Amino acid sequence: MNKKAYFKVDTKLAELLGETYRSTEDAIKELVDNSYDADAEKVEITLPKELTPNPEIIVIDDGSGMKDKEVRSEYLNVANSRTSRKGNLTFIKKRKVKGRKGIGKFSGLMVAEIMKIETYTKGIITTLTINRTELAKENYDLEKVPLPIETSEFPEKLHGTKITLLGLNQNFSFPNPKKLA
């Protein structure tokens, strides 16, 4: 199934986006925090080697993953705090939730031109691609930007999320594995 999806924007957006990520490592840490909140046991981060053509950063977790409906109603609901929707503890592991502001998803776009999210659960993979240039064309009026979203069947025993960051921002220093650790 191939359809478009749209962000839903809470009025706190401008205030929250004013808090920026100072480094590639800070942005990646935010994505890892999202994995933690999804009850992931394992998070794998792949960093490119320096001078690699078309470098990309990949963050893969084995968390709960999201269904199409969750991507649309929760992930794309900007600045809508997870704790206000689901409480202060994660569903399965009862961890204290790290994400509170509902904007961590934008950390990837601080360091990359394109953020591709592939999330799988219950035999379905949902793929969402967010392009920073497309957001800029609409003057960052997020509710006007159609986002390509697709769903298809996937092996049921797998669950989690893979985020691929493409077109890395040259204004940030190259990701440092030691700083990230």
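Above this note sits the structure.
Predicted model only: the values in this text are computed from it and were never measured. (Residues numbered from 1 in each chain as written. Predicted model: local features only at pLDDT ≥ 70, side-chain atom pairs only at ≥ 80, totals over all residues. Heavy atoms only, no water.)

1. Structural notes on the environment of Asp-68
Phase 1 of the analysis: If you trace the backbone, Asp-68 turns up in helix H3 (residues 68-75).
Phase 2 of the analysis: Its relative accessible area of 18% is what places Asp-68 among the buried residues.
Phase 3 of the analysis: Along the chain, Asp-68 and Thr-119 lie 51 residues apart, while their C-alpha atoms are 8.8 Å from each other.
Phase 4 of the analysis: If sequence neighbours within four positions are ignored, Asp-68 has contacts with Thr-126, Ile-149 and Thr-151.
Phase 5 of the analysis: Side-chain polar atoms of Asp-68 contact the side chain of Arg-72, separated by 2.9 Å. (Helix = DSSP H or I, 4+ residues; strand = E, 2+ residues; numbered from the N terminus. Buried < 20%, exposed > 50% of the residue type's maximum accessible area, 1.4 Å probe, protein only. Contact = heavy atoms within 4.5 Å. Polar contact = N/O pair within 3.5 Å; in protein donor to acceptor, adjacent residues only side chain to side chain.)

2. Observations regarding the packing of aromatic side chains
Phase 1 of the analysis: With the rule as written, the count across this model stands at one aromatic pair.
Phase 2 of the analysis: The residue whose ring lies beneath Arg-95 is Tyr-36, and the NZ or CZ to ring-centre distance is 4.4 Å. (Phe/Tyr/Trp six-rings, centres within 6.5 Å; stacked < 30°, edge-to-face > 60°. Lys NZ or Arg CZ within 6 Å of the ring centre and 35° of its normal.)

3. Section: H3
Phase 1 of the analysis: Turning to H3, its buried residues are Asp-68, Val-71 and Tyr-75. Axial view of H3: buried residues confined to an arc of 95°, hence all on one face. (Arc of directions from axis to C-beta.)

4. Concerning the sheet that holds strand S6 (residues 112-121)
Paired through backbone hydrogen bonds, the strands of a sheet run either parallel or antiparallel to each other.
Phase 1 of the analysis: Strand order across the open sheet formed by seven strands is S1-S8-S7-S6-S9-S4-S3, with antiparallel pairing between neighbours. Two strands close off the open sheet at either side, each with one partner strand: strand S1 (2-5) and strand S3 (43-46). Direction aside, the axes of adjacent strands within the sheet are offset by 15° on average.
Phase 2 of the analysis: Relative to strand S9 (residues 160-168), S6 is paired through eight bridges, and the arrangement is antiparallel. When the sheet's bridge partners are listed, Ile-114 is paired in S9 with Leu-166. (Pairing = 2+ DSSP bridges. Axes fitted to C-alpha atoms, helices over the stretch in contact; angles between N-to-C directions.)

5. Some points on the pattern of salt bridges
Phase 1 of the analysis: Under the defined criterion, the tally for this structure stands at three salt bridges.
Phase 2 of the analysis: With a closest N to O distance of 2.8 Å, Lys-29 and Asp-33 form a salt bridge. Pair noted here: Lys-29 and Asp-33 are both in helix H2 (residues 24-37), with a separation of four residues, about one helical turn.
Phase 3 of the analysis: Assessed through its relative accessible area of 46%, Lys-29 is described here as partly exposed.
Phase 4 of the analysis: Arg-72 is paired through a salt bridge with Asp-68; the nearest N and O atoms lie 2.9 Å apart. Highlighted residues: Arg-72 and Asp-68, both in helix H3, separated by four residues, approximately one helical turn.
Phase 5 of the analysis: A relative accessible area of 21% places Arg-72 in the partly exposed class. (Salt bridge = Lys/Arg side-chain N within 4 Å of Asp/Glu carboxyl O.)

Honestly, it's all geometry; don't read function into it.
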